[in-house]
Amino acid sequence: MAEYYGLNGEVANTSSGVTIHVEGPSDRIAAFESDLSAKSPPLAYIVDISGQPETVKNFPNFSIVKSKDESEISTLISADVSICEDCLRELLDPNDRRYHYPFINCTNCGPRYTIIDDIPYDRPKTSMRHFKMCPACQAEYDDPSNRRFHAQPNACAACGPRVRLCDNQGNEIAVDDPIPKTANLLKQGYIVAIKGLGGYHLATDAENTDAVLRLRVRKLREEKPFAIMSYDPDHIRRYAEIAPDEMRLLTSIQRPIVLLRKKVPNSISDEVAPHNNYFGVMLPYTPLHYLLLKNGFIALVMTSGNLREEPIAIDNADAFKRLADIADFFLIHNREIYLRSDDSIVRHIAGTKRFIRRSRGFVPIPVFLKNKMLPILACGAELKNTICITKNDTAFLSQHIGDLENLATYDFFQLTIHHLKRILEITPEIIACDMHPDYLSTQYAQEQSNIQKIQVQHHHAHIVSCMTEHKLDGPVIGLSLDGTGYGPDHTVWGGEVLVAEQHAFERVGHIACVPMPGSTAAIKEPWRMAVSYLRDAYGSEFRNLNLKPVSEIADEKLTIISAMMTKGVNSPLTSSLGRLFDGVAAIIGIRQRVNFEGQAAMELEMLSADSTSEIYDYEWISGDMLKILPAPIIRGVVDDLQNGMTVAEIGAKFHETVIQLFADVCGVMRKERHLKRVVLSGGCFQNAFLLTGLIQALEKKNFEVFTHQQVPANDGGLALGQAMVAAAQIRRD
Ligand code: ZN
Ligand code: ZN
Ligand code: FE
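A few points on the structure. Residue positions within a chain follow its written sequence, with the count starting from 1. Whichever chain is written first becomes A and whichever ligand is written first becomes 1, with later ones labelled in order. Reporting in this predicted model follows two pLDDT cut-offs: at least 70 for local features of residues, and 80 or more for side-chain atom pairs to be given and counted; totals over whole chains, interfaces and linings ignore these cut-offs and use all residues. Computation of side-chain values covers all heavy atoms of the structure but excludes hydrogens and water.

Quick look at unusual backbone geometry now. Residue proline 364 follows valine 363 across a cis peptide bond; omega there is 10°. Secondary structure counts use DSSP, requiring at least four H or I residues in a row for a helix and at least two E residues in a row for a strand, with both numbered from the N terminus. On the secondary structure map, proline 364 appears in the loop between β13 (352-357) and β14 (367-373). Note the cis peptide between glycine 474 and proline 475, where omega equals 5°. At histidine 490, a residue that is not glycine, the phi angle is positive and equals roughly 65°. The residue histidine 490 is located in the loop between β19 (476-486) and β20 (492-500) in this model.

Here's what the structure looks like:
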């Protein structure tokens, strides 16, 4: 740009960012300055820009100078980015020297975070170090006017990584071009493990029910939806609706999985997303995906390359070890993945993008903070774990790590902490974690020596996570509506009304507690929660009701469960809203058992009508602690069901009740506490009906409402809140 405006001077990376010295006529300098932010490259993220007059040094030209003190440089590491338009055009151009080369990339696109081993981000510190650039690639790399100037993963067929097709024993299949051959195998119904950007995918033809079922059986994944990938939006429109906002998400450079409403009927196998009104859909994001998908598939299943909930495979040898019983063939390559990163999942709700999983494409872009702070490591939750590391006024939330219930995931958790500490050059001085003593993330924190530890209450962390996104100090009203979290009073929290500040909170209200018979078994078997709520509403009379959780469960079992609750055996008390959703879903017959966390609540949302003007009667006990009673709502649901109301109407009425009820509770808090800002967080806010409705109801009452936009409302965003609570507590000491 300096050359374009005929300006002389220099540009360098310094410890405070990028410094540019330009000399020339003032009008051209002004034009240059305004172009800096307006015409910055697609991946540039300008946090702040400022200028000042300097002495003229009569530079002979404009040059890029090497930084004086590399160790002090604080530039952000880019996330992995989908292939850009220019590279895609070259990929498909028979006259281009990179025609059909599956690793084409440039400064505007390609792998970043997943191939970095250390900083600064330079080729020798990435997995591209094993590939010496050919003269043609080197010339592009050295030319400031070239799109591939300093593009670290720059490569071509002559010098770069290559793909190979193997059987599931690791024997290479001799073939001229492995990609069309792979497409052929997929068309025949085979399952192929495909090495991608952040890890392996398991691919199969999404229209082939036999193949999709075989994948479910082999992967031990019963009903959890599979993500699918299609060549372009026209292909997607054949089986799903795309609203304009959703189109922007689909085609964004991060290329997340976007939840799109199914068209009915459609040609995609019912086994891809059973009992679900949505498909999780993404567009291709690597050149290899494009080359594969252009062979005439409506859609390919592209699910994480793992068994059940293990971390996805990234290493070739590991993939052959772990995926040989699932995949028939392997399409592999020799560009190593240093850090796995699952596909991100988003849904457009209430006017903006909401994260269900924040990972590839978004990590390691930080959340920018109001204040500088000590380096803190926050260890996150047990399920949907992510970790967070703070550096000055930025907080880095890691990629999705997963459920810390198997050793492989726990190893990945430790590896991610180690890796992020290295590439951010941070030695944490404080470690923050949940209060739950059984979380592996808590145990990890407790095992670290010579470091101050701070335990943070789960639902406080949720609210502070959202406050941090909006740079709020508090106090605010925090509605932490969630599945499960450790309460300091030894009950299981999850339907919480808090008055929250960054450093502390007061619990001012919650859903009145009922027992969870069988403890965690009640999460997997919603009929247990149904029985608990019915017993709470009707006493022992509930057994005379003609309802599925009563009629479908053996009498002896109901007797045992009732006795357990009466005696308080293995029946912790819970105030969780997630469990109330589960219980209602079971009572109205949606499902008595789930195959994955939150399935019953999710199906209740999907089966509900879009809106209703009716609500159930609701009551609470006021006092120092406001207690919302589930019994009147449960009785209303049962009455409607017995009067023949449809599941869709009851579902909508139940959602609307929860919305009006919490909006009213906020009204009480405004009177008592003079607070008008409400912060919404917790896993229940993945529910579009609840989130949209509560925002509307609260705004109608003139509240200022704050919701998650940068990190997930579920436990995937928890670590950010943990770090910030710890920071605020330290500041006050
Ligand atoms: Zn490109
Ligand atoms: Zn080359
Ligand atoms: Fe939670």
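What follows covers the nonpolar core. Most often, soluble globular proteins keep nonpolar side chains buried together rather than apart. Membership of the largest hydrophobic core comes to 78 residues, with the highest contact counts inside it found for Phe662, Leu680 and Leu694. When residues of this core are assigned to their parent elements, the largest contribution, 11 residues, is made by helix α20 (residues 647-673). By the convention used here, residues are in contact when the closest approach between their heavy atoms is within 4.5 Å. The contact partners of phenylalanine 662, leaving out residues within four places of it in the chain, are Leu479, Leu481, Val497, Ile511, Ile628 and Leu694. Note on terminology: a nonpolar core comprises buried Ala, Val, Leu, Ile, Met, Phe, Trp, Tyr and Cys residues joined through side-chain atoms within 4.5 Å. The buried label goes to any residue with under 20% of its type's maximum accessible area, the exposed label to any with over 50%, and the partly exposed label to all in between, with areas taken from a 1.4 Å probe on protein chains only. By size, the runner-up hydrophobic cluster in this structure holds 44 residues, among which are Cys109, Ile194, Met302 and Met606.

Turning our eyes to something else, we now look at the coordination of the zinc ion (ligand 2). Ligating atoms shown are N, O and S within 2.8 Å of the metal, or 3.2 Å for Na, K and Ca, and water is not included, meaning a site may look less than complete. In the first shell of the zinc ion (ligand 2), the protein supplies Cys134 (SG), Cys137 (SG), Cys156 (SG) and Cys159 (SG), at 2.2 to 2.3 Å from the metal. In this structure, the zinc ion (ligand 2) is coordinated by 4 donor atoms arranged in tetrahedral fashion, with angles at the metal of 103 to 117°. All geometry calls rest on donor angles, where a four-donor set with angles between 85 and 135 degrees is tetrahedral, four- and six-donor sets with opposite donors more than 155 degrees apart and all others between 65 and 115 are square planar and octahedral, and all else is irregular.

A pair of packed helices is captured by two measures, namely the crossing angle of their axes and the spacing between those axes. Angles shown run from 0 to 180 degrees and are taken between the N-to-C directions of axes, each axis being a line fitted to C-alpha atoms and, for helices, limited to the stretch in contact. Two elements in contact, helix α14 (residues 526-538) and helix α19 (residues 631-642), have axes separated by 9 Å at closest approach and are oriented at 100°. On the basis of the axis angle, α14 is roughly perpendicular to α19. Contacts from Tyr533, Leu534, Asp536, Ala537 and Tyr538 of α14 reach α19 at Ala631, Ile634, Arg635, Val638 and Asp639. Each residue belonging to the contact of α14 with α19 can be placed in one class, and the counts come to 7 nonpolar, no polar and 3 charged. For classification purposes, an angle smaller than 35 degrees is called roughly parallel, one larger than 145 roughly antiparallel, one from 65 to 115 roughly perpendicular, and anything else oblique. Polar here means any residue outside two lists: the nonpolar Ala, Val, Leu, Ile, Met, Phe, Trp, Tyr, Cys and Pro, and the charged Asp, Glu, Lys and Arg; Gly therefore counts as polar.

Bear in mind that shape data such as this cannot, by itself, settle questions of function.
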